[in-house]
Structure formats: C-alpha cells, structure tokens
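The lines below spell out each chain.
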Amino acid sequence: KEKEIVSIIGPNGAGKTTAINIMSTLLGATAGRVRICGTDALKHPARIRSFIGLVPQNIALYGSLTARENLRYFGRVYGLSGQILKDRIRFCLEMVGLEGRADQRVSTYSGGMKRRANLAAGILHNPRILFLDEPTVGIDAQSRNMILEKLQMLKQGGTAMIYTTHYMDEAERLCERVAIMDEGCIIAE
C-alpha cells in the first residue's frame, strides 16, 4: 500500500534477494503471480518499470564515475532530461547527504557513502514502489541511521517499500508488516 514498508527477513539463502529480483522484473518466475499497481509484472514488466525503483544488495554504480555522473546516466535511462533531471539529481544528492562530495569518483567513497549513493540512484525517478535489498549491510552506524531516516521521509512522501534485512531492529523501526522467509516460502507474517 502507499506509505507502507513491508520487510522480508530470513537467513542467508532464504530467497529474499530472489523474491526482490522477481518482483522488480530482473528475474522471471517459475510459478506464482506478481501484481504491482494492478499490472501483472511478469507478463508486462516494461509497464511497471517506470514506477518501481531498486536498491540492490550490491552497489550498482560505476566506480570510475562521480555520483553526479552516475545519477545523470541513470536519470537518462529512466527518461529524465533537462532541468527535471538536474533538479532530481540535486534533490537526491542532498537527501542522502552527498551534495558536497557529488563530484568525487564513487570508487573513492567509503562503504556508507556508496550505500547512500546507491539509494540516490534507486529513488532518482521518484518511484511509487521501492525495492530495497539489505541497503544497510556492512556500513557504519551513522550511515545506517541516515539511510533509515531517509526511508522514513520517502514513506511519508507516499513511497511504498519492500525491504529485506537481517536486522530485526530495522524491521521494527521502519515497517508496518514483517514477513519471515525461509527456503523460498513465507513462513510467518
């Protein structure tokens, strides 16, 4: 639902990343259905890609480019251009606290800065639904806290989220619902 964050938690290998990849149309499904905003995502993936965003577990940025250059590239992929693209880049960099480092190569960033830049790329086109696959794994407490605060802001702005994590405190802090996954199945909600 709009303004809802649903967490999927479970051990490594439970199927959380696979579920995110199927829901975000990166992987096909062998069974089941995925309906996003009334559209069958498995049959019509191109129709939903404009209103979903993905923040993958692994950093999905070009290290040889600056954060601003990465966002410009991804913005063009999303079909943004001109002043709208410039405004969105500025907004996203400010939101994740990287405006002062926007013109540094991503390869020079700390782990937390890379995670925040990854988040900026995922929200650049202002998606209605955001998929986040362990966006705070392996980062310092300050960066983790900042990301969680920014996700709360996105939620208040109307963005719905599916959020995978190993951290129960994150799920408790952010989410209205929690689904526990093991061996590819939701075993409790």
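To be clear, the structure that these remarks concern was listed above.
Throughout what follows, the structure given in this document is the object of discussion. (Residues numbered from 1 in each chain as written. Predicted model: local features only at pLDDT ≥ 70, side-chain atom pairs only at ≥ 80, totals over all residues. Heavy atoms only, no water.)

Counting its regular elements, the protein contains seven helices and eight strands. Seen through its C-alpha atoms, the protein measures out along the principal axes to roughly 45 × 35 × 30 Å. Per-residue burial over the protein gives 48% buried out of 189 residues. A fraction of 69% describes how many contacts in the protein between residues 6 or more apart in sequence connect residues 24 or more apart. Of the roughly 9,800 Å² of accessible surface on the protein, 50% is carried by carbon and sulfur atoms. Counting 25 positive and 19 negative side-chain charges, the protein places the averaged centre of each group 8 Å from the other. (Helix = DSSP H or I, 4+ residues; strand = E, 2+ residues; numbered from the N terminus. Buried < 20%, exposed > 50% of the residue type's maximum accessible area, 1.4 Å probe, protein only. Contact = heavy atoms within 4.5 Å. Areas by Shrake-Rupley, 256 points an atom, 1.4 Å probe, with all protein chains shown as cover. Lys, Arg positive; Asp, Glu negative; His and termini not counted. Charge placed at Lys NZ, Arg CZ, Asp CG, Glu CD.)

It is characteristic of soluble globular proteins that their nonpolar side chains tend to be buried jointly. Membership of the largest hydrophobic core comes to 35 residues, with the highest contact counts inside it found for Leu119, Leu130, Leu132 and Leu151. Here this core gets six residues from one element, more than from any other, and that element is helix H5 (residues 111-123). Dropping the residues within four chain positions of it, Leu132 is found in contact with Ile20, Val55, Leu119, Leu151, Met161, Ile162, Tyr163 and Thr164. Formed by 18 residues, the second largest nonpolar core is a distinct cluster that contains Val34, Ile36, Ile129 and Ala160. (Core = buried A, V, L, I, M, F, W, Y, C linked by side-chain atoms within 4.5 Å.)

Turning our eyes to something else, we now look at the pairing of strand E8 (residues 185-188). In terms of strand pairing, strand E7 (residues 177-182) meets E8 through three bridges, oriented antiparallel. Pairing of Met181 across the sheet is with Ile186, part of E8. Where E7 folds back on E8, the antiparallel hairpin that results is connected by two residues, among which Glu183 adopts a positive phi of roughly 50°. (Pairing = 2+ DSSP bridges.)

Here we come to helix H6 (residues 141-156). For H6, built from 16 residues, the straight-helix expectation of 22 Å at 1.5 Å per residue is met to within 8% by its first-to-last C-alpha distance of 23 Å. Three or more residues of H6 are buried, namely Ser143, Arg144, Ile147, Leu148, Lys150, Leu151, Leu154 and Lys155. The buried residues of H6 occupy one face: seen down the axis, they fall within an arc of 165°. Opposite the buried face of H6, at more than 90 degrees from it, the exposed residues are Ala141, Gln142 and Gln156. Tucked into the core, H6 has its buried residues touching strand E1 (5-9), helix H4 (82-95), H5, strand E5 (129-133), strand E6 (160-165) and helix H7 (168-174). The residue sitting at the N-terminus of H6 and contributing the capping side-chain oxygen is Asp140; that oxygen lies 3.0 Å from the backbone nitrogen of Gln142. Immediately downstream of H6, the backbone of Gly158 shows phi near 110°, a positive value. (Expected span 1.5 Å × (residues − 1). Arc of directions from axis to C-beta. Polar contact = N/O pair within 3.5 Å; in protein donor to acceptor, adjacent residues only side chain to side chain.)

Applying the stated criterion to the full structure yields zero disulfides. Of the cysteine sulfurs around Cys175, a residue in no disulfide, the closest is that of Cys37, at 18 Å. Take Cys175: its relative accessible area is 13%, and that puts it in the buried class. (Disulfide = S-S within 2.5 Å.)

Looking now at the side chain of Thr66. Within the fold, Thr66 resides in the loop between strand E4 (52-55) and helix H3 (67-77). Thr66 sits in the buried class, given a relative accessible area of 9%. The contacts of Thr66, once residues within four sequence positions are left out, are Ala102, Asp103, Gln104, Arg105 and Val106.

Bringing unusual backbone geometry into the picture now. In this structure, Lys3 is a non-glycine residue whose phi angle is positive, near 65°. In this structure, Glu134 is a non-glycine residue whose phi angle is positive, near 50°. Relative to the helices and strands, Glu134 resides in the loop between E5 and H6.

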